[in-house]
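Listed below, chain by chain, are the residues.
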Amino acid sequence: RPDGMSVVGIAREISALLETKYFSPIINKKLNINTIKSDKICERVIDKNCIYTVSFIEHVNGNFQSPKWIKDRLEKSDIKSINYLVDVTNYILLEQGQPLHAFDRDKLSQLIGRDVLPSDFGVRKANKTEKLLALDGNEYSLNNNITIITCSDMPVAIAGIIGGLETSVTSSTKAICLEAAVFNPSYIRKASKEIGIRTESSSRFEKGISFRNTFYSINRFLTILSESFHNLKHITYS
């Protein structure tokens, strides 16, 4: 069960069993959501029970170190601390069960040769001529069994599994594009098997998480970030 792979999922289950009140983690950011229509989203991968969102978030600092409480909780879950931005995505994964992925917005802009727009993001099947250098340092040869995230039709991540190294968040990151999605589970299982890796994200997506928690998870991410970045600017597109 996917709800058994998060702290809030287990808390809800215990609350129901013991008939006690469940308290949600605190959120205090108002989420600005714009709906965009895109012909770049594969309807088989993002079906009626799925969702794809990208949040443009400015005034962050990739060189900022995570507070001890986040590092400790990640370490106890056997997840290595990278930097604050990445660590908070992993924290939300553990707490909410919603995988998130942060792209460096400026690197995306350099990749496509202009300022990146929400409409540049797409979800489609890869073709056999494409490759992706991933965060684990391995270059993966892609094919039609693998679903990818694209920016201006260029591969930037293997959907639901692993991001690309060229657009990753580093110490120089000043702005991010935060992906929060729910994919068709069968496509994630197929891609994971095809490339031979299983990640914390894919293990949740392939079980079928609920899209009803996606916006809450984005809001929770922003709430935590705002504790350190007080001039945070953000807008979410779905």
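Residues numbered from 1 in each chain as written. Predicted model: local features only at pLDDT ≥ 70, side-chain atom pairs only at ≥ 80, totals over all residues. Heavy atoms only, no water.

J.: Got a minute to help me understand the nonpolar core in this structure?
T.: Side chains of a nonpolar character, in soluble globular proteins, are inclined to be buried together. Ranked by internal contacts, the top residues of the largest apolar core, which has 41 residues, are F121, I149, I158 and F183. Those elements that place two or more of their residues in this core are strand 2 (51-58), helix 4 (105-112), strand 4 (121-125), strand 7 (147-151), strand 8 (154-158), strand 10 (175-182) and helix 5 (185-195). Residues in contact with I149, not counting those within four places in the same chain, are Y52, F103, F121, G122, V123, M154, P155, V156, A157, A159, E179 and F183. Core analysis: the next-biggest nonpolar cluster, separate from the first, contains 25 residues, V60, V88, L222 and F229 among them. (Core = buried A, V, L, I, M, F, W, Y, C linked by side-chain atoms within 4.5 Å. Buried < 20%, exposed > 50% of the residue type's maximum accessible area, 1.4 Å probe, protein only. Helix = DSSP H or I, 4+ residues; strand = E, 2+ residues; numbered from the N terminus. Contact = heavy atoms within 4.5 Å.)

J.: In this structure, what is going on with the pattern of salt bridges? I would like to understand it.
T.: Summed over the entire model, instances satisfying the criterion amount to 10 salt bridges. For D120, the salt bridge identified is with R114, shortest N-O distance 2.7 Å. Under the relative-accessibility criterion, D120 is labelled buried at 3%. Here R198 and E206 are joined by a salt bridge, their closest N and O atoms 2.5 Å apart. (Salt bridge = Lys/Arg side-chain N within 4 Å of Asp/Glu carboxyl O.)

J.: How should I be thinking about the environment of E43 in this particular structure?
T.: Position of E43 relative to the elements: it lies in the loop between strand 1 (33-34) and strand 2. In this structure the C-alpha to C-alpha distance between E43 and R124, which are 81 residues apart in sequence, comes to 9.0 Å.

J.: It is not clear to me how a nonpolar patch on the surface should be interpreted in this structure. Could you clarify?
T.: A surface patch of nonpolar side chains, amounting to about 420 Å² of accessible area, comprises I10, I14, L17 and L18. Tracing the sequence through the fold places I10 in helix 1 (residues 7-18). On the basis of relative accessible area, I10 is assigned to the partly exposed category, the value being 42%. (Patch = residues over 30% accessible without salt bridge, like charges linked within 9 Å, V, L, I, M, F, W, Y side chains within 5 Å. Areas by Shrake-Rupley, 256 points an atom, 1.4 Å probe, with all protein chains shown as cover.)

J.: Explain the pairing of strand 2 here, please?
T.: A large share of strand 2 lies buried, amounting to seven of its eight residues. Pairing of strand 2 with strand 10 involves eight bridges; the strand directions are antiparallel. Each bridged residue has a counterpart across the sheet, and for I57 the counterpart in strand 10 is I176. (Pairing = 2+ DSSP bridges.)

J.: It is not clear to me how the side chain of R220 should be interpreted in this structure. Could you clarify?
T.: Its place among the elements puts R220 in helix 7 (residues 214-226). On the basis of relative accessibility, which here comes to 10%, the residue R220 falls in the buried class.

J.: How should I be thinking about the sheet that holds strand 9 (residues 162-163) in this particular structure?
T.: By definition, the strands of a sheet pair up through backbone hydrogen bonds, in either a parallel or an antiparallel sense. Strand order in the open sheet made by the four strands is 4-7-8-9, with antiparallel pairing throughout. Only two strands of the sheet have a single partner each, and these edge strands are strand 4 and strand 9. As paired strands, strand 4 and strand 7 are joined by five bridges and run antiparallel to one another. Following the sheet pairing, G122 is matched in strand 7 by T150. Packing against the sheet, helix 4 makes contact with strand 4, strand 7 and strand 8, and its axis sits at approximately 145 degrees to strand 8. (Axes fitted to C-alpha atoms, helices over the stretch in contact; angles between N-to-C directions.)

J.: Would you mind going over the environment of I41 with me for this structure?
T.: Tracing the backbone through its elements, the reader meets I41 in the loop between strand 1 and strand 2. Residue I41 is classed as partly exposed on the basis of its relative accessible area, which comes to 24%. Apart from the residues lying within four places of it in its own chain, the contact partners of I41 are I46, Y52, F121, G122 and V123.

J.: Sorry, what's going on with the packing of aromatic side chains here?
T.: Two aromatic rings, taken as a pair, are described by how far apart their centres are and by the angle between their planes. Tallying each qualifying case throughout the model produces nine aromatic pairs. For the ring pair W69 and Y91, a centre distance of 5.3 Å and an interplane angle of 90 degrees mean the geometry is edge-to-face. In this pair, W69 is assigned in helix 2 (residues 68-76) and Y91 in helix 3 (residues 84-96), connecting sequence segments 22 residues apart. You can call W69 partly exposed: its relative accessible area is 33%. In this structure Y91 comes out as buried when scored by relative accessible area, which is 8%. Their ring planes at 70 degrees and their centres at 5.1 Å tell us that F183 and F205 sit as a pair that is edge-to-face. Taken together, the residues span a long stretch of sequence, with F183 in the loop between strand 10 and helix 5 and F205 in helix 6 (residues 200-205) at a distance of 22 residues. (Phe/Tyr/Trp six-rings, centres within 6.5 Å; stacked < 30°, edge-to-face > 60°.)

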